[in-house]
Amino acid sequence: MNGEQLGRMPHSEHMMPEELKENERIDDLQRNGFRIIQNPDKFCFGMDAVLLTGFAHARREDRLLDLGTGTGIILLLMEAKYHPAGLTGLEIQAESADMAARSVALNRLSHKIDIVTGDIREADHIFQSASFDCITCNPPYMVGRHGLVNPEAPKAIARHEILCTLEDVVRQAAVLLKPGGHFFLVHRPFRLAEIMTQLVRYKLEPKRMRLVYPFQDREPNMVLLEAVRGGRSRMTVEKPLIVFQNPGVYTHEVSELYGF
């Protein structure tokens, strides 16, 4: 759902299908030949989605749900990396959901990836309880006066808690995950205490955490978390992830995540 354009995939110049709408483009994901349809005037995915899929994991027999899937970037990257049995994306904005569905079709994955238009707050009425092995989410980060609310609705909804809150996301993940299922989240470190409180409240035990730093000498600006439904109380804090070794130059680890 969220997306700060900290990094961008190469643009594909070769294919302009009739399905493209005004101001849309096709970007190459550098994974399995997959491509994604985006509209830079509305919303494009950011580095947070790429880093989340590098942190998350899934088995081939797993059913995966992406809450607030936006244009479907997390679904496409998780399919490229892990090939789970089935993937579903839930997105409230019809325009983004339509773009995601067309990207799924573009990559010939309609038999495996479902895009559902709906509200995260009503996810437990859309899907059966305890029906997913893995849930991913790149939720809105900002609440209240944290940052300026973008006047363009699609970007504002993606970045600010306008249509759902952190608690909404955690509560729904707890209902929809199978016992022992895994919840993967990317968020901002300044809300870490609140995130941990909500996860524990809904019996999603934090198991792994990794802080993301733009440069080695800067403060972290993202946090990656894995929680397990009904898991025991023990968490591993992984080594920091550094994004840039020099301005404009990714570290080796981040370059590999991007497929460069």
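Definitions and cut-offs
Counting starts from 1 at the beginning of each chain's written sequence and moves along it residue by residue. Side-chain atom pairs in this predicted model are given and counted only at pLDDT of 80 or more, local residue features only at pLDDT of at least 70, and totals for whole chains, interfaces and linings cover all residues. The side-chain quantities take in all heavy atoms of the structure and omit both hydrogens and water. Put simply, DSSP H or I for four residues or longer makes a helix, DSSP E for two residues or longer makes a strand, and each gets a number counted from the N terminus. Exposed residues in this analysis have more than 50% of their type's maximum accessible area, buried residues have under 20%, and partly exposed residues fall in between, with area computed by a 1.4 Å probe over protein chains only. Between two residues, a contact is recorded if the distance between any of their heavy atoms is within 4.5 Å. The accessible surface values rely on the Shrake-Rupley method and a 1.4 Å probe; as for residues, cover is taken only from the protein chains in view. By this definition, two strands are paired if DSSP reports at least two bridges between them. Every axis in this analysis is a line fitted to C-alpha atoms, fitted for helices over the stretch in contact. Angles between the N-to-C directions lie between 0 and 180 degrees. Angle categories: roughly parallel below 35 degrees, roughly antiparallel above 145, roughly perpendicular from 65 to 115, and oblique for all the rest. For any helix crossing, the convention is left-handed if the near helix is rotated counterclockwise from the far helix by under a right angle, and right-handed if that rotation is clockwise. For this analysis, a nonpolar core means a set of buried residues of the types Ala, Val, Leu, Ile, Met, Phe, Trp, Tyr and Cys, connected via side-chain atoms within 4.5 Å. Pairs were defined over the aromatic rings of Phe, Tyr and Trp, the Trp ring being its six-membered one, requiring ring centres within 6.5 Å. Orientation was assigned from the angle between planes: stacked under 30 degrees, edge-to-face over 60, tilted for the rest. Each ring is checked for a lysine NZ or an arginine CZ that lies within 6 Å of its centre and within 35 degrees of its normal; such an atom marks a charge sitting over the ring.

Q: When you look at the overall build of the chain in this model, what are you seeing that I'm missing?
A: Counting its secondary structure elements, the chain contains 8 helices and 13 strands. Here the chain, with 260 residues, has 56% of them falling under the buried criterion. Nonlocal contacts in the chain, meaning residues at least 24 apart in sequence, comprise 70% of its contacts between residues at least 6 apart. For the chain, the accessible area works out to roughly 11,800 Å², and carbon and sulfur atoms hold 49% of it.

Q: How should the pairing of strand β8 (residues 204–213) be read in this particular structure?
A: Burial within β8 is extensive, with 8 of its 10 residues counted as buried. Note: β8 against strand β10 (residues 236–237), 2 bridges, orientation parallel. In the strand pairing of β10, M209 is matched with V237. Alignment of β8 against strand β11 (residues 241–242), held across 2 bridges, turns out to be parallel. Considered in β11, the bridge of V212 is made with L241.

Q: For this particular structure, what's the right way to read helix α6 (residues 166–176)?
A: Owing to its 3.6 residues per turn, the α-helix aligns residues three or four sequence positions apart on the same side. A large share of α6 lies buried, amounting to 8 of its 11 residues. For α6, the full list of buried residues reads L166, D168, V169, V170, Q172, A173, A174 and L176.

Q: Explanation requested: the packing of α6 against helix α7 (residues 192–201) in the structure shown.
A: A packed helix pair is summarised by two numbers, namely the angle formed by the two axes and the spacing between the axes. It is at 9 Å that the axes of α6 and α7 come closest, and there the two elements cross at 30 degrees. Considered as vectors, α6 and α7 are oriented roughly parallel to each other. Both α6 and α7 take part in a crossing whose hand is right-handed. Within the contact between the two elements, α6 uses L166, E167 and V170 and α7 uses E194, I195, Q198, L199 and R201.

Q: Honestly, the nonpolar core in this entry has me stumped. Any pointers?
A: Judged by nonpolar contacts, the single largest core of 38 residues is most densely connected at L29, I73 and M78. Where this core is concerned, the elements lending two or more residues are α1 (47–55), α2 (73–82), β7 (177–187), β9 (222–229) and α8 (252–258). The greatest single-element share of this core, amounting to 8 residues, is contributed by α2. Ignoring any residue separated from it by four or fewer positions in sequence, one finds M78 in contact with T53, A56, H57, A58, L64, H83, P84 and L87. Formed by 28 residues, the second largest nonpolar core is a distinct cluster that contains L65, F132, A174 and M196.

Q: For this particular structure, what's the right way to read the packing of aromatic side chains?
A: Working definition: an aromatic ring pair is given by the centre-to-centre distance plus the angle between the planes. Counted by the stated rule, this structure contains 4 aromatic pairs. Where Y250 meets Y258, the ring centres are 5.3 Å apart and the plane angle is 10 degrees; that geometry is what we call stacked. Comparing Y250 with Y258, the two get one shared label, buried. Here the guanidinium or amino end of R208 rests over the ring plane of F55, the centre of that ring lying 3.8 Å away.

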